[in-house]
Amino acid sequence: MSTIDSSSDQRTANNAVRHTYRTLSEAEKGAMQAVKDMGSALIAKLHEIGGTDPSGDRLASRDLSLANTHIEDAVMRAVRHITA
């Protein structure tokens, strides 16, 4: 399976839902990458707090799992704003 970087202009190649995208500016690409990096760092912190394996998808408690879900949602919504 090939992958496409999320900040690449080729990100539309494997998307069946959104049929047209606009080209992002370098600032928008940087903002999107920064938001994703922050979300990833915060999720890693949840694993650290709970003493779980960061490469896994299990967290130590329901509260940490909910925090993870909300982080993922926040990142998605921020990226949607940037790419709209």
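Above this text you will find the structure in question.
Residues numbered from 1 in each chain as written. Predicted model: local features only at pLDDT ≥ 70, side-chain atom pairs only at ≥ 80, totals over all residues. Heavy atoms only, no water.

Engineer: I tried to follow the side chain of Asn68 on my own but got confused; where do I start?
Structural biologist: Along the chain, the position of Asn68 falls in helix 2 (residues 62-83). Owing to a relative accessible area of 13%, Asn68 belongs among the buried residues under this scheme. (Helix = DSSP H or I, 4+ residues; strand = E, 2+ residues; numbered from the N terminus. Buried < 20%, exposed > 50% of the residue type's maximum accessible area, 1.4 Å probe, protein only.)

Engineer: Can you help me understand helix 2 in this one?
Structural biologist: Residues three or four positions apart in an α-helix share a direction because the helix packs 3.6 residues into each turn. An ideal rise of 1.5 Å per residue puts 32 Å on 22 residues; helix 2 measures up with 31 Å between its terminal C-alpha atoms. Buried within helix 2 are the following residues: Leu64, Asn68, Ile71, Val75, Val79, Ile82 and Thr83. Viewed along the axis of helix 2, the buried residues span an arc of 90°, placing them on a single side of the element. Exposed positions of helix 2 whose direction lies more than 90 degrees from the buried face are Arg62, Asp63, His70 and His81. The elements touched by buried residues of helix 2 are helix 1 (26-50). (Expected span 1.5 Å × (residues − 1). Arc of directions from axis to C-beta. Contact = heavy atoms within 4.5 Å.)

Engineer: Help me understand helix 1, please; the structure alone is not making it clear to me.
Structural biologist: Taking 1.5 Å as the rise per residue, helix 1 with 25 residues should run 36 Å; its terminal C-alpha atoms sit 36 Å apart, in good agreement. Within the span of helix 1, buried status applies to Lys29, Met32, Gly39, Ile43, Leu46 and His47. Where helix 1 is buried, its residues meet helix 2. Positive phi appears at Gly51, one or two residues downstream of helix 1, with a value of about 70°.

Engineer: It is not clear to me how the environment of Leu59 should be interpreted in this structure. Could you clarify?
Structural biologist: You can see Leu59 is positioned in the loop between helix 1 and helix 2. A residue is classified by how much of its surface remains accessible, and Leu59, at 13% relative accessible area, is buried. Discounting chain neighbours no more than four positions away, the residues touching Leu59 are Leu46, His47, Thr52, Leu64, Ser65 and Asn68.

Engineer: Help me understand the pattern of salt bridges, please; the structure alone is not making it clear to me.
Structural biologist: When their charged atoms lie close together, side chains carrying opposite charge are able to pair. Scanning the entire structure with this criterion turns up four salt bridges. Where Lys29 meets Glu26, a salt bridge forms, and the shortest distance between an N and an O atom there is 3.4 Å. Highlighted residues: Lys29 and Glu26, both in helix 1, separated by three residues, approximately one helical turn. For Glu26, a relative accessible area of 61% translates into the label exposed. (Salt bridge = Lys/Arg side-chain N within 4 Å of Asp/Glu carboxyl O.)

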